[in-house]
Amino acid sequence: MLLLNPLRGILSARPQVLGLTRFSSSFVSRMRFLNRLKQDDEACAAALQDGQLVLFHRLQPLLQRGPTGTFRPVTLTCSGVQSLLQNFGSDGPLLEDSILIGCSEQNQAQFCLDVGHLDQAAVAEFCAGTFIDLRKSFFLLPGPAAQLVAKAQALLRWHQTNGFCSATGQPTHRNRAGSQRVCSSSSTIYYPKMSPVVIVLLSDGSRCLLGRQASFPRGMYSALAGFCDMGETLEETLHREVAEEVGLEVQDVSYSSSQHWPFPHSSFMLGCHATVSPAHTQLDVDRSELEDARWFTPEEISSALQAGVPPRGGRPPDVWLPPKHAVAHHLITEWRDRQRHLQASE
Ligand SMILES: NC(=O)C1=CN([C@@H]2O[C@H](COP(=O)(O)OP(=O)(O)OC[C@H]3O[C@@H](n4cnc5c(N)ncnc54)[C@H](O)[C@@H]3O)[C@@H](O)[C@H]2O)C=CC1
Ligand SMILES: [Mg+2]
């Protein structure tokens, strides 16, 4: 139940439907619907009228704590946002700045809008929510909502920083969905960008390798990661990064899963497992990239996973691992489960 009077009737009645369930029977129709909205400005404008909107203020999403204590993004109807904008003396064109971010399972188009020109505290109070920094929001929200909010913020940021053509210096104009921008002078089309990053959990058969950068929170260790250089394959990046960062030669590589990672800007994380020969595990750590790297046994990994993410302010344990939403966490739990399976079958 939403306990919000000023917004009665303008908050979306279905805030919990953010995020897509893949492979549902209507998956194909939703994907085709979204694709049409990206190509057809009129259809997109019509979909906005019936859509849900997630608000941001200077790239911070508006969240609300639900009755069970879990956070979710506040979702507004189109008329709800219009009332809000009118209430704050700003209406009309701003609504057209909204960007298409998805489609709910009820076939409602989902949009985001940054109201950074309005008073943050007043809007938050009006919507009975709180604008929370994305890094914090990402870990407060359940997985699908976190990914949707991260995608929304990445698109808002991309539009805010790509207002001009890098070749002609002339303004660029967005399509209605916000899926591209076109140079007003040269007609060059620009699409939102992600930087590909390979992230790899190395194993020597009985241990896995984790490292930490000096900039990580104290005690946090993660899988090795590195940006792809122009022209590289996933495998070439992986071999190069491991050689550069810890001085090892990789044998086998297998792909696990991928993730859009919004920090510090949009990265496309390609998660892999890889092995090194048990006879060649001596590390030669590049201290300009990593503060530390070491091999961990399955027992050490299990207890670090059990310890969880330390609360803010408290003294962190000596070793803790990235939280659930991070692909690094997924790679580490996959490796731990595989080790358990191997031990059980011995
Ligand atoms: N989701 C997850 O589980 C994890 C995500 N990550 C992310 O992976 C990313 C890459 O990891 P790092 O070890 O820092 O990469 P890295 O080992 O390639 O080192 C970063 C350096 O690469 C250079 N670089 C080359 N191409 C770049 C580009 N397109 N954008 C920015 N810098 C570029 C810069 O000099 C930068 O300082 C980080 O942004 C981090 O947030 C890292 C670990 C876990
Ligand atoms: Mg790295």
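Conventions and cut-offs
Residues numbered from 1 in each chain as written. Chains lettered and ligands numbered in written order. Predicted model: local features only at pLDDT ≥ 70, side-chain atom pairs only at ≥ 80, totals over all residues. Heavy atoms only, no water. UniProt positions renumbered as here; feature names shortened; annotations may be inferred. Pairing = 2+ DSSP bridges. Helix = DSSP H or I, 4+ residues; strand = E, 2+ residues; numbered from the N terminus. Donors = N, O, S within 2.8 Å, 3.2 Å for Na, K, Ca; no water. Buried < 20%, exposed > 50% of the residue type's maximum accessible area, 1.4 Å probe, protein only. Phe/Tyr/Trp six-rings, centres within 6.5 Å; stacked < 30°, edge-to-face > 60°. Lys NZ or Arg CZ within 6 Å of the ring centre and 35° of its normal. Expected span 1.5 Å × (residues − 1). Contact = heavy atoms within 4.5 Å. Core = buried A, V, L, I, M, F, W, Y, C linked by side-chain atoms within 4.5 Å. Domains from an automatic or database assignment. pLDDT = per-residue confidence, 0-100. Near = heavy atom within 4 Å. Polar contact = N/O pair within 3.5 Å; in protein donor to acceptor, adjacent residues only side chain to side chain. Areas by Shrake-Rupley, 256 points an atom, 1.4 Å probe, with all protein chains shown as cover. Axes fitted to C-alpha atoms, helices over the stretch in contact; angles between N-to-C directions. Parallel < 35°, antiparallel > 145°, perpendicular 65-115°, else oblique. Left-handed = near helix turned anticlockwise from the far one by under 90°. Nonpolar A, V, L, I, M, F, W, Y, C, P; charged D, E, K, R; others polar.

An unreviewed UniProt entry annotates the protein as NAD(+) diphosphatase of Oryzias sinensis. Check the Cofactor (unreviewed entry) section of the UniProt entry for the protein; it says "Mg(2+)".

(A) Up close: the sheet that holds strand β8 (residues 172-174). If you trace the three strands from one edge of the open sheet to the other, you get β8-β9-β10, paired in antiparallel fashion. Each edge of the open sheet is held by one strand with a lone partner, namely β8 and β10 (189-190). Pairing of β8 with strand β9 (residues 181-183), which is carried by three bridges, proceeds in the antiparallel orientation. Following the sheet pairing, Thr 172 is matched in β9 by Cys 183.

(B) Seen up close, the coordination of the magnesium ion (ligand 2). Within the protein, the atoms that donate to the magnesium ion (ligand 2) are Ala 225 (O) and Glu 245 (OE), at distances of 2.1 to 2.2 Å. With Ala 225 in strand β13 (residues 224-227) and Glu 245 in helix α7 (residues 234-246), the pair connects residues that are 20 residues apart, well separated along the chain. The exposure class of Ala 225 is partly exposed, given its relative accessible area of 28%.

(C) Local environment of the packing of aromatic side chains. With the rule as written, the count across this model stands at eight aromatic pairs. An angle of 85° between the planes, with centres 5.2 Å apart, marks the rings of Trp 261 and Phe 263 as edge-to-face. The burial state of Trp 261 is the same as that of Phe 263; both residues are buried. Here the aromatic residues Phe 138, Phe 139, Trp 261 and Phe 263 are joined through ring pairs into a cluster of three or more. Its guanidinium or amino end placed over the ring of Phe 263, Arg 135 lies 4.3 Å from that ring's centre, counting from NZ or CZ.

(D) Main features of the UniProt feature "domain: Nudix hydrolase" (unreviewed entry) in the protein. In the numbering used here, UniProt assigns the "domain: Nudix hydrolase" (unreviewed entry) feature to residues 192-323. Helix makes up 17% of residues 192-323 and strand 31%. Its end C-alpha atoms lie 27 Å apart.

(E) Structural context of helix α9 (residues 327-345). The end-to-end C-alpha separation of α9 is 27 Å, in line with the 27 Å expected for 19 residues at 1.5 Å each. Three or more residues of α9 are buried, namely Val 327, Ala 328, His 329, Leu 331, Ile 332, Thr 333, Trp 335, Arg 336 and Gln 339. Elements in contact with the buried residues of α9: β11 (195-203), β12 (208-212), β14 (253-261), β15 (267-275), β16 (292-296) and α8 (298-307).

(F) View of the nonpolar core. Leu 201, Leu 210 and Ile 301 are the most contacted members of the largest nonpolar core, which totals 42 residues. Mapped by element, the contributors of at least two residues to this core are β1 (52-57), β5 (99-103), α5 (134-140), α6 (143-161), β11, β12, α8 and α9. Each of domain 1 (15-161) and domain 2 (195-345) gives at least three residues to this core. Those residues in contact with Leu 210 that lie beyond four places of it in its chain are Leu 201, Tyr 221, Ser 222, Ala 223, Asp 292, Ala 293, Arg 294, Phe 296, Ile 301, Leu 321 and Ile 332. Within the second largest apolar cluster, 30 residues are counted, among which are Leu 84, Ala 109, Val 123 and Phe 131.

(G) Region of the structure containing the confidence of the model for the protein. Looking at the protein, pLDDT values average 91 and 92% of them are 70 or higher. Under a pLDDT of 50 for its full length, residues 1-23 has, in the predicted model, 58 contacts with residues more than four places off or in other chains.

(H) Broad picture of the site of ligand 1. What surrounds ligand 1 is a group of 19 residues, the closest being Gln 213, Ala 225, Phe 227, Glu 245 and Ala 328. Contacts to ligand 1 include Gln 213, whose side-chain N or O atom sits 2.8 Å from an oxygen atom. Taken by itself ligand 1 offers 850 Å² of open surface, and the protein chains cover 63% of this. Broken down by secondary-structure element, the contributors of at least two residues to the shell around ligand 1 are β11, β13, α7, β14 and α9.

(I) Up close: the packing of α8 against α9. Their axes nearest at 10 Å, the elements α8 and α9 cross at an angle of 130°. Regarding the angle of α8 to α9, the classification is oblique. Along this stretch, α8 crosses α9, giving a crossing that reads as left-handed. Of the residues in α9, those touching α8 at Pro 298, Glu 299, Ile 301, Ser 302 and Leu 305 are His 329, Ile 332, Thr 333, Trp 335, Arg 336, Gln 339, Arg 340 and Gln 343. Of the residues that constitute the contact of α8 with α9, the class distribution is five nonpolar, five polar and three charged.

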